[in-house]
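Results of the structural survey
Listed below are the residues making up each chain.
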Amino acid sequence: MNLEATIQSVVAQSVKTLYNIDIETSQIQIQKTKKEFEGDITVVLFPFAKAARKSPEGAGAEIGEFIVANNTMVSKFNVIKGFLNLSITPSYWLELLNSINADEYFGVKLPSEDADTMMIEYSSPNTNKPLHLGHIRNNLLGFSIAEIQKANGWKVVKTNIVNDRGIHICKSMLAWKLFGNGETPQSSGMKGDHLVGKYYVVFDKAYKAEIKALMEKGMTEEEAKKNAPLILEAQKMLLAWENNDAEVRQLWETMNAWVYAGFDETYKQMGVDFDKIYYESQTYLTGKSEVERGVAEKSFYQRDDSSVWADLTADGLDEKLLLRADGTSVYMTQDIGTAKLRYNDFDIRKMVYVVGNEQNYHFQVLSILLDKLGYAWGKDLVHFSYGMVELPEGKMKSREGTVVDADDLMTEMINTARETSMELGKLDNCAPEEIESIARMVGLGALKYFILKVDPRKNMTFNPKESIDFNGNTGPFIQYTHARIKSVLRKAAEQEINFDAGLNTSLVISEKESYLIQLLSAFPAVVKEAGTEFSPALIANYEYELVKEFNQFYHDFSILKEEDEALKQFRLVLSASVAKVIKTGMQLLGIEVPERM
RNA sequence: GGUCCCGUAGCUCAGCUGGAUAGAGCAACGCCCUUCUAAGGCGUGGGUCAUGGGUUCGAAUCCCGUCGGGAUCACCA
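Description of the structure in this document. (Residues numbered from 1 in each chain as written. Chains lettered and ligands numbered in written order. Predicted model: local features only at pLDDT ≥ 70, side-chain atom pairs only at ≥ 80, totals over all residues. Heavy atoms only, no water.)

Here's the deal with the overall build of chain A
A tally of regular secondary structure across chain A gives 22 helices and 14 strands. Considering chain A as a whole, with its 597 residues, one finds that 52% of them fall into the buried category. Long-range pairs, those at least 24 residues apart, make up 74% of the contacts in chain A between residues at least 6 apart in sequence. With an accessible surface of roughly 28,000 Å², chain A has 49% of that area assigned to carbon and sulfur atoms. If you average the places of the 66 positive and of the 85 negative side-chain charges in chain A, the two averages end up 2 Å apart. (Helix = DSSP H or I, 4+ residues; strand = E, 2+ residues; numbered from the N terminus. Buried < 20%, exposed > 50% of the residue type's maximum accessible area, 1.4 Å probe, protein only. Contact = heavy atoms within 4.5 Å. Areas by Shrake-Rupley, 256 points an atom, 1.4 Å probe, with all protein chains shown as cover. Lys, Arg positive; Asp, Glu negative; His and termini not counted. Charge placed at Lys NZ, Arg CZ, Asp CG, Glu CD.)

As structure tokens, this is what we get:
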């Protein structure tokens, strides 16, 4: 039982004995005592002072006295306004620290065979262009959520649905065919995804020029968009693809292979991975047949032009297209097929889609459609919706060239980390490989932490300059603290100080120290809450608070020069425990922590 | 127009299952490297928590209205 629950039940019993009132233990409000008051933990008295027909101060004094007299873990108390501040005995804190120190997997549940399976879909790229800043937020959130759910005892399957077919790919293919002169990643030296992306832009430019020309001839913009030769050609290509045209399929496979090689590099650099990848080219047919089943069962209906629709007006939504008049499938059709395959492949208890908030409506509809098709799990799907990433100048717009490329950004972060280390002379005695590895951990740590510390629901502003700042509430600050603790522990080992035996619980410790232990002991609860809330930000902000607190402590004490052996041991154990929690927490965010930096 | 999300310091963000004087970082200014890593610590200034009501002993937090910003309501994915 953790400290909070223990105090709750102690207070409930006191109130029962003193006033003969029954209170739900969960109704007793407990909080950490604010720094400006004496004590460790605070009970809010208002709720039951009234029931006891006492003033909050009077009830607080009586309860405080009773607890101190009857419970050995509380040494003293004070009452200020309606708050009862309790001081916990050092021996309790020391026992707590001993147990944290002894638990190698503190805060994390180990996987068990009979755990339920949660599938988490994230990334979900289109194969017509490279990954950008928006994908980075997606990938980092998806990976971190997977780690957090594992730590909460779920069996997690990370999955990616690659959008490898559709009109967007055909645009790149067509442009390459018309203007590419046989260019390949090998011949151009470009990363495959960047090369294909280049032709997507080429298409867009040429298409725009055609639209402009047609409008000058008197067409409306809408007509021009529909009748430009390039778009007609691309649509023809999509149809040819669906009809298994050998040449189109061949080109499609070649260009997608380039893109996958490029994506693999990006994912590897980012440190994310997947257990199972689905391709829409392999799932859309299932989607089609599911939609046809829906028509047969009268869940959906077919119009005169033979397009298929779902009528969702009963659910307060509009009508939704599921198959075009030419029989080709749309985004929604594919997601239906993918969902079916996934549930066939895995025993999924919970399905989570990490997809941007611009698709809130899509997932609302998907949930209803799956339900209409008779899938019990349709209603329960979770759309983990996150906000857009904006730049200080505004939104990213590919047309205006303000898209931040994922590969470029990661390289820049790593370079900056390396330069900063060099300037500070931090890594003067390190081998080149070690410098590289640390620069990578720190640069990517800065990027990941910068993005994950923000509440996912909110749109966030990404300032490239600020993200590279390594001061303040940043990943490197946390990594740095870890590295310094490790340095102290290395030196302790050199001096052959053994501090693993467990602590003498009669030590006297300061309030700052007991506060640190209290923070540490809160870690499992934070992990649990991050799991139910799907919130990496919760972990990130906890880590910062812990590290900030520890840094003040670190500044005040010279651990290895402490003469009192017992105190030295205690501070080493405390430091080691902080380092362990830092590391575990950062792992849940997908951030590596270096041993030195 | 309908639906959903957001609005906290000059900037970027915490805090939101209601609790004590609303917190960090950046930016500005002033201190601290003969002291285990200064990517650090300490200090000063900076706020009508968009706004108006309501509920409550108590509201940044819950409810309603208003204003401002964003998303979506596609035979794009």
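What about the pattern of salt bridges?
In this structure the tally under the stated criterion is 30 salt bridges. A salt bridge links Glu 242 to Arg 165; the nearest nitrogen and oxygen atoms lie 2.8 Å apart. Taken together, the residues span a long stretch of sequence, with Glu 242 in helix 10 (residues 229–242) and Arg 165 in the loop between strand 6 (155–162) and helix 6 (167–179) at a distance of 77 residues. The residues Glu 242 and Arg 165 share a single accessibility class, namely buried. The closest approach of N and O atoms between Lys 191 and Asp 407, which form a salt bridge, is 2.7 Å. Linking Lys 191 in the loop between helix 7 (185–188) and helix 8 (192–216) with Asp 407 in helix 15 (residues 406–424), this pair joins segments that are 216 residues apart in sequence. Each member of the pair Lys 191 and Asp 407 is classed as buried. A cluster of three or more residues bridged by salt bridges with shared partners is formed by Glu 290, Arg 293, Glu 297 and Lys 340. (Salt bridge = Lys/Arg side-chain N within 4 Å of Asp/Glu carboxyl O.)

Topic: the sheet that holds strand 6
An order of 7-6-5-11-12 is seen for the five strands of this open sheet, with the pairing classed as parallel. Strand pairing shows two members of the sheet lacking a second neighbour, strand 7 (276–279) and strand 12 (382–386), which therefore form its edges. Averaged over all pairs of adjacent strands, the angle between their axes in this sheet comes to 25 degrees, without regard to strand direction. Across the sheet, helix 12 (residues 280–296) lies against strand 6 and strand 7, angled at about 65 degrees from strand 7, the strand it touches most. (Pairing = 2+ DSSP bridges. Axes fitted to C-alpha atoms, helices over the stretch in contact; angles between N-to-C directions.)

Digging into the nonpolar core
Nonpolar side chains tend to gather and get buried jointly when the protein is soluble and globular. In this structure, Ile 7, Leu 133 and Phe 570 are the most contacted members of the largest nonpolar core, which totals 156 residues. Of the residues forming this core, the biggest block, 12 residues, is contributed by helix 22 (residues 565–588). Excluding residues that lie within four positions of it along the chain, Leu 133 makes contacts with Val 389, Leu 391, Met 396, Val 404, Leu 409, Ile 451 and Phe 462. In terms of nonpolar packing, the next biggest core, distinct from the first, is built from 31 residues, Ile 336, Tyr 343, Leu 369 and Leu 370 among them. (Core = buried A, V, L, I, M, F, W, Y, C linked by side-chain atoms within 4.5 Å.)

Things to note about the layout of surface pockets
In this model, the second largest pocket occupies a volume close to 690 Å³. Lining of the second largest pocket is provided by 30 residues; of these, Glu 104, Tyr 105, Lys 580, Thr 584 and Gln 587 occupy positions nearest its centre. Put simply, the parts of the chain that give the lining of the second largest pocket at least two residues each are helix 5 (133–151), strand 6, helix 18 (475–494) and helix 22. With eight residues, helix 22 is the single largest residue contributor to the lining of the second largest pocket. Within the lining of the second largest pocket, the residues separate by chemical class into 14 nonpolar, seven polar and nine charged. (1 Å grid on protein atoms, 1.4 Å probe; cavity = no way out; pocket = protein on both sides within 12 Å on 5 of 7 lines; lining within 4 Å. Points joined across faces, edges and corners; volume = space filled by probe spheres on them. Nonpolar A, V, L, I, M, F, W, Y, C, P; charged D, E, K, R; others polar.)

All we've got here are geometric facts, nothing functional implied.
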